[in-house]
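Below are the chains, spelled out letter by letter.
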Amino acid sequence: MIDTETKTIRGIVIPTDWHDNGHPRSVAIATYREQKYLVAESSKSRQLLTLINERVVVSGVVHRAKENMVIEIGDFYLDTP
C-alpha cells in the first residue's frame, strides 16, 4: 500500500533531467527547508518547465517512490515575496 497525503509546498522549480538538446525534461520543487519533491509527469508539470528557477506554491498529492518524495500537482501559482 502506498501512503499518500495532500500537501501544499513552497519552493523553487529546478530541472532534474534534460533532453539531448539541453532543454529540461522533468522538474522538482526544492523547498525553502531544503527538501526536494520530484514532480510527477502531467500537463501541469509541463507548464512548470517554463518556470525554471522561479518561486512557486504547489498543491497536490504526495507519495514516496523509492527514496524520493513525488508530488502529483493539482494546482500551482507563482510565490510572491
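Not measured: the values here are computed from a predicted model.

Peer 1: I'd like to hear about the overall build of the protein chain, residue by residue, with values.
Peer 2: On a plain count of helices and strands, the protein chain comes out with 1 helix and 5 strands. Going from N to C terminus, the protein chain has its helices and strands arranged as β-β-β-α-β-β. Taken over C-alpha atoms, the radius of gyration comes to 12 Å for the protein chain, in line with the 12 Å a tight globule of 81 residues would show. Here the protein chain holds 81 residues, and 30% of them are scored as buried. The long-range fraction of contacts in the protein chain, counting pairs at least 24 apart against all pairs at least 6 apart in sequence, stands at 47%. Here the protein chain contributes 10 positively and 11 negatively charged side chains, and the mean placements of these two sets differ by 2 Å.

Peer 1: Account for the confidence of the model for the protein chain, naming residues and giving values.
Peer 2: Residues of the protein chain with pLDDT of at least 70 account for 98%, and the chain-wide mean is 92. Confidence, expressed as mean pLDDT per element, reaches its minimum in the protein chain at helix 1 (residues 43-48) with 90 and its maximum at strand 3 (residues 36-39) with 96.

Peer 1: Quick one: what's the story with the sheet that holds strand 3, residue by residue and with numbers?
Peer 2: Spatially, 5 strands are ordered 1-2-3-5-4 in a closed barrel, and the strand pairing comes out mixed. Going across the sheet, the axis of each strand differs from the next one's by a mean of 55 degrees, ignoring polarity.

What counts and how
Residues numbered from 1 in each chain as written. Predicted model: local features only at pLDDT ≥ 70, side-chain atom pairs only at ≥ 80, totals over all residues. Heavy atoms only, no water. Helix = DSSP H or I, 4+ residues; strand = E, 2+ residues; numbered from the N terminus. Rg over C-alpha atoms; globule rule 2.2 N^0.38 Å. Buried < 20%, exposed > 50% of the residue type's maximum accessible area, 1.4 Å probe, protein only. Contact = heavy atoms within 4.5 Å. Lys, Arg positive; Asp, Glu negative; His and termini not counted. Charge placed at Lys NZ, Arg CZ, Asp CG, Glu CD. pLDDT = per-residue confidence, 0-100. Pairing = 2+ DSSP bridges. Axes fitted to C-alpha atoms, helices over the stretch in contact; angles between N-to-C directions.

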